[in-house]
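Structural overview
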Amino acid sequence: MGITYHEKERVFSIDTPNTSYLIGIVDAADPTDGSSADTGSKDTRARGNSSVCGGYVGHMYYGKRIRDVELPYLLRIDEPPYVPSVNQRDKLSFLDSFPMEYPTHGIGDFREDCMEVRTKAGHTALELSYVGYELQKGKPKLEGLPATFGTEEDCETLCLILEDRVLSLKVELYYSTFSDNDGIARSVRVINEGSEEIYLTKVLSACLDMDNKDFELLTLHGSWARERHIQRNPVGYGFQGVSSVRGESSHQHHPFLGLLTRGATQEEGEVYGLHFVYSGNFTGLVYRGQFDNIRAMMGINGSDFCWKLLPGEAFTAPEVILTYSAHGLGDMTRCYHDLYRNHLIRSRYKDRKRPILINNWEATYFDFTTEKLLDIAKEASKQGIEMLVMDDGWFGNRCDDNRALGDWFVNEDKLKGGLSYLVSEVNKLGMKFGIWFEPEMISPDSDLYRAHPDWAIAVPGREAGLCRCQYVLDLTRKEIVEYVWERLCNILESANIEYVKWDMNRQLADLGSIDLPADRMGELCHRYVLAVYELQERLVTKFPDLLLENCSGGGARFDPGMLYYSPQIWCSDDTDAIERLMIQEGTALIYPLSCMGAHVSDCPNHAVGRMTPFETRGYVALTGTFGYELDITKISEEDRNMIPKQVKMYHKFHMLISQGDYYRIASYADNHEWDCYMIVNKEKTEALLIYIQVLRQPNCHSRIFPCKGLSPDKKYEIFRYDMKNGEDTPFGSASLYGETLMNAGIRIESLWGDHQGMMLHFVEQ
Ligand code: GLA
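Because the structure is predicted, anything quoted here is derived from the model rather than measured.

Further remarks concern the overall build of the chain. Regarding its fold elements, the chain presents 15 helices and 38 strands. Expressed as lengths along the three principal axes of its C-alpha atoms, the size of the chain is roughly 85 × 70 × 45 Å. Excluding contacts between residues fewer than 6 apart, the proportion of contacts in the chain whose partners are at least 24 apart in sequence is 71%. When the accessible surface of the chain is totalled, it reaches about 27,300 Å², and 49% of it is carbon and sulfur. Positive and negative side-chain charges of the chain, numbering 80 and 113 respectively, have mean locations separated by a distance of 2 Å.

Attention now moves to the pairing of strand β36 (residues 727-737). Relative to β36, strand β35 (residues 715-722) runs antiparallel, the two being bridged by seven bridges. Paired with tyrosine 716 across the strands is leucine 736, a residue of β36. Counted between consecutive antiparallel strands, the loop separating β35 from β36 contains four residues, among which glycine 726 sits at a positive phi close to 70 degrees.

Turning our attention to the domain arrangement of the chain. Partitioning the chain into domains gives domain 1 (2-343), domain 2 (357-440 + 478-506 + 543-660) and domain 3 (664-764). The gap between the C-alpha centroids of domain 1 and domain 2 is 39 Å. Between domain 1 and domain 2, the contact holds 33 residues from the first and 34 residues from the second. Carbon and sulfur atoms supply 58% of the area buried between domain 1 and domain 2, which totals about 2,600 Å² over both sides. Considering only the surface of domain 1 that becomes buried against domain 2, Arg228, His337 and Arg341 emerge as the three largest contributors, covering 24% of it. Taken together, domain 1 and domain 2 are joined by zero salt bridges.

For the rest of this paragraph, the subject is the pairing of strand β21 (residues 387-390). Regular strands place their side chains on alternate faces of the sheet. Side chains Met387 and Val389 of β21 all project onto a buried face; the interleaved residues Leu388 and Met390 project onto the opposite face, where all are buried too. Where strand β20 (residues 357-359) and β21 come together, three bridges link them in parallel fashion. For leucine 357, the partnering residue across the bridge sits in β21 and is methionine 387. Pairing of β21 with strand β22 (residues 432-437) involves four bridges; the strand directions are parallel. Residue pairing for β22: leucine 388 is matched across the bridge by phenylalanine 433. Tracing the backbone out of β21, into helix α6 (residues 418-428) and back to the parallel element β22 gives a crossover that is right-handed.

The subject of this paragraph is the nonpolar core. Among the nonpolar cores identified, the biggest contains 198 residues, and Leu200, Trp394 and Ile435 are the most heavily contacted of them. Excluding residues that lie within four positions of it along the chain, leucine 200 makes contacts with Met115, Glu116, Val117, Val190, Phe305, Cys306, Trp307, Leu309 and Phe315. Ala666, Tyr716, Leu760 and Phe762 belong to the second-largest nonpolar core, a separate cluster that totals 23 residues.

Under the defined criterion, the tally for this structure stands at zero disulfides. Just so you know, cysteine 571 is unpaired, no disulfide at all, and the nearest cysteine sulfur is the one on cysteine 595, 7.9 Å from it. Residue cysteine 603 stays outside any disulfide, its sulfur separated by 18 Å from that of cysteine 571, the closest cysteine. Of the residues examined, cysteine 603 reaches a relative accessible area of 15% and is grouped as buried.

Another point: the site of the ligand. Asp391, Asp392, Lys501, Gly554 and Asp573 are the nearest of the 13 residues found near the ligand. Arginine 468 is positioned such that a nitrogen or oxygen atom in its side chain is 2.8 Å from an oxygen atom of the ligand. Backbone polar atom of glycine 554 to an oxygen atom of the ligand: 2.8 Å apart, as the coordinates give it. Out of a free accessible area of 300 Å², the ligand has 97% covered by protein chains.

Our next topic: the sheet that holds strand β38 (residues 756-764). Think of a sheet as strands paired side by side through backbone hydrogen bonds, with each pair either parallel or antiparallel. Ordered in space as β31-β32-β33-β38-β35-β36, the six strands form an open sheet in which the pairing is antiparallel. Sheet topology places β31 (661-666) and β36 at the edges, where each strand pairs with a single neighbour. The mean angle between the axes of side-by-side strands here comes to 20 degrees, regardless of whether they run parallel or antiparallel. Set on the sheet, helix α11 (residues 577-588) makes contact with β31, β32 (674-680) and β33 (686-693); between it and β31 the angle comes to about 130 degrees. Across the sheet, helix α12 (residues 614-622) lies against β32, β33, β35 and β38, angled at about 50 degrees from β38, the strand it touches most.

Another point: the packing of aromatic side chains. Tallying each qualifying case throughout the model produces 41 aromatic pairs. Look at tyrosine 56 and phenylalanine 98: their rings are 6.3 Å apart centre to centre, the planes differ by 55 degrees, and that puts the pair in the tilted class. Of the two residues, tyrosine 56 is situated in strand β4 (residues 56-64) and phenylalanine 98 in the loop between α2 (91-95) and β5 (115-119); the sequence distance between them amounts to 42 residues. Owing to a relative accessible area of 2%, tyrosine 56 belongs among the buried residues under this scheme. When the ring of tryptophan 408 is compared with that of tryptophan 436, the centres are 6.3 Å apart and the planes differ by 50 degrees; the resulting orientation is tilted. Of this pair, tryptophan 408 sits in the loop between β21 and α6 while tryptophan 436 sits in strand β22, and the two are 28 residues apart along the sequence. Three or more aromatic residues joined by ring pairs form one cluster here, namely Tyr21, Tyr62, Tyr175, Phe215, Tyr272 and Tyr324. Above the face of the tyrosine 564 ring, arginine 346 is positioned so that its terminal group lies 3.6 Å from the ring centre.

Cut-offs and rules
Residues numbered from 1 in each chain as written. Predicted model: local features only at pLDDT ≥ 70, side-chain atom pairs only at ≥ 80, totals over all residues. Heavy atoms only, no water. Helix = DSSP H or I, 4+ residues; strand = E, 2+ residues; numbered from the N terminus. Contact = heavy atoms within 4.5 Å. Areas by Shrake-Rupley, 256 points an atom, 1.4 Å probe, with all protein chains shown as cover. Lys, Arg positive; Asp, Glu negative; His and termini not counted. Charge placed at Lys NZ, Arg CZ, Asp CG, Glu CD. Pairing = 2+ DSSP bridges. Domains from an automatic or database assignment. Buried area = accessible area lost by both parts, 1.4 Å probe. Salt bridge = Lys/Arg side-chain N within 4 Å of Asp/Glu carboxyl O. Buried < 20%, exposed > 50% of the residue type's maximum accessible area, 1.4 Å probe, protein only. Right-handed = clockwise from strand over helix to strand, strands pointing away. Core = buried A, V, L, I, M, F, W, Y, C linked by side-chain atoms within 4.5 Å. Disulfide = S-S within 2.5 Å. Near = heavy atom within 4 Å. Polar contact = N/O pair within 3.5 Å; in protein donor to acceptor, adjacent residues only side chain to side chain. Axes fitted to C-alpha atoms, helices over the stretch in contact; angles between N-to-C directions. Phe/Tyr/Trp six-rings, centres within 6.5 Å; stacked < 30°, edge-to-face > 60°. Lys NZ or Arg CZ within 6 Å of the ring centre and 35° of its normal.

Here it is in structure tokens:
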């Protein structure tokens with residue numbers, strides 16, 4: 001395992017516990033280069049043509065672990081040229097089919113590329129040749145960016161150094177491996193070693209250039225309240241993919257690409273994943289070309305991006321996490337879960353049980369006072385809830401969502417006695433206190449805007465468009481970042497605040513900053529994201545015990561970038577248990593359950609008007625962070641009485657859920673009737689099965705379906721968790737071997753009515 005340079009073959013092998021990634025250097029000046037002896041081909045055109053020289057870096061292989069590295073045929077350098085009658089393979093023929101590790105624009109590789117530049121003279125050709133490499137233990141930080149991390153014992157990092165000799169532009173490609181995980185982290189650094197500025201108009205972070213294996217493309221699509229629904233389509237010729245130009249990773253598309261061999265299931269088929277550790281504009285593209293090759297690429301969106309790189313300066317592109325699974329989607333899921341839990345989330349809360357919170361948003365919206373909040377807190381504390389979160393509406397003149405963003409001063413008309421009184425009263429109840437902020441925004445109707453109308457992102461002379469009645473602060477300006485920071489600290493230091501919900505409720509448009517010169521205006525979106533990262537880095541450094549939850553109009557900035565700062569992210573403003581099945585399935589495809597913000601809310605549900613049993617709402621929220629978002633003083637006695645049982649259930653199962661392995665059994669999004677998944681602890685001594693019957697069929701059989709992830713040789717006692725009593729009760733045959741449960745399956749009777757849920761608990765006997 002690890003990263004090795006095989007000098008004779010000029011191949012880099014990057015080995016993870018179960019995968020190999022091979023990169024080959026092709027330099028026609030060297031007679032051993034590209035000798036495709038083992039292909040049986042006598043064709044020497046690629047080697048013989050000096051115009052092919054230059055040390056190209058080619059992608060040879062990514063897949064299941066292999067040992068051999070002398071595999072020049074994988075680089076396809078001896079493929080015939082376009083016009084077979086011409087027994088000479090010229091440079092453009094070569095470039096148009098060579099599997100390039102990091103393709104660039106303007107030199108004759110006409111497929112989609114990873115990097116584009118513009119010189120002072122207006123030229124766009126960029127040709128990268130191999131210069132050398134560096135191998136190091138550990139994983140260097142990416143300056144100003146979120147990234148996976150590991151110790152010198154955990155990680156190894158390869159840096160391939162490439163250069164455009166004409167432009168004196170150096171490009172470093174980074175690859176890091178983790179001894180306990182199959183993920184590979186890739187990022188790119190560009191350094192201007194010339195004497196003139198260069199404009200970077202596109203710098204993607206990763207590319208996978210390989211043969212098509214009858215791939216399907218899996219992406220996550222959505223909208224507000226419908227985030228991260230799974231979509232699968234065959235990969236056709238040409239371009240397909242996902243992107244965001246909204247200044248955030250977005251509700252609509254997710255910075256993730258899954259390439260699956262056709263029909264891949266949870267257990268079978270090959271799956272490649274690319275996931276971008278970034279929270280702004282992105283592009284994730286798959287290009288299927290003329291020779292049935294595939295290029296999958298991911299990085300910062302080239303639209304609205306142009307970075308001026310002065311001589312001596314460097315630009316770092318955020319990282320992409322690559323995964324490969326030879327055993328279906330399930331292994332990919334568990335690989336990302338482990339990687340993010342162990343190497344991305346930093347918070348002190350990452351392995352700890354989070355306090356069960358009650359948030360007042362769906363309980364009161366803007367209509368609350370100290371008294372109302374304390375009423376909720378008093379009732380909540382009686383039921384075992386551990387933290388009150390005061391949501392939007394506590395500051396300035398914020399009586400609705402039309403005003404006051406930016407005025408981060410406590411509204412003492414609403415909160416009599418101020419924040420310190422409220423917080424100390426909540427603390428007296430034995431509860432923690434948390435608060436909502438939306439620091440990146442400014443309302444036109446705010447004291448802040450009246451004082452600083454130029455602080456909003458806008459194009460001079462053009463009226464900027466409103467979204468939720470607000471503008472976005474121009475965080476590319478230092479003094480604005482300092483204002484936001486000063487207000488955040490002021491509030492957080494004024495009382496015992498132990499949790500922050502950091503919201504972001506609109507997209508970026510009308511891109512203009514009065515501080516950026518014309519040739520740097522294309523830096524605005526990325527600088528904005530960097531400023532958000534800087535603020536959150538300062539926040540978690542200054543307040544290391546703070547529990548930070550990111551949020552963006554629900555889940556519009558649910559991405560690995562945000563996870564680096566907050567161990568949990570609000571999944572969606574749709575808290576309906578049935579809608580959540582699809583949202584949480586798509587989210588859990590990549591993200592550990594410990595980071596999915598999920599609450600039990602009131603019915604009829606505020607997003608869809610649906611009625612679901614309180615019990616079902618509990619099971620669905622349990623497999624996220626778990627909390628409440630309802631007026632606990634107003635719900636029915638029956639529901640309220642169930643809260644202590646749910647609280648008990650959370651304490652009993654949360655560590656298993658947040659640390660265990662996730663297995664998907666059935667998907668409501670696919671079958672439109674029922675949903676089922678399991679969580680198994682690492683030792684395979686304990687497991688949970690959550691079953692939600694969305695629709696009851698008349699005159700139907702019980703369901704018998706296979707469990708997953710158990711140990712075949714262990715015998716498990718089986719219990720059904722009875723939420724009404726808060727106890728495990730023996731279920732069915734009460735104890736069975738894992739092999740029986742996984743092969744013959746477990747039987748679940750049809751439940752009476754729609755939207756019913758149940759949970760089984762397996763414990764090694
Ligand atoms: C966003 C969040 C909600 C709530 C509101 C407050 O929509 O996703 O949870 O905080 O803002 O305005």
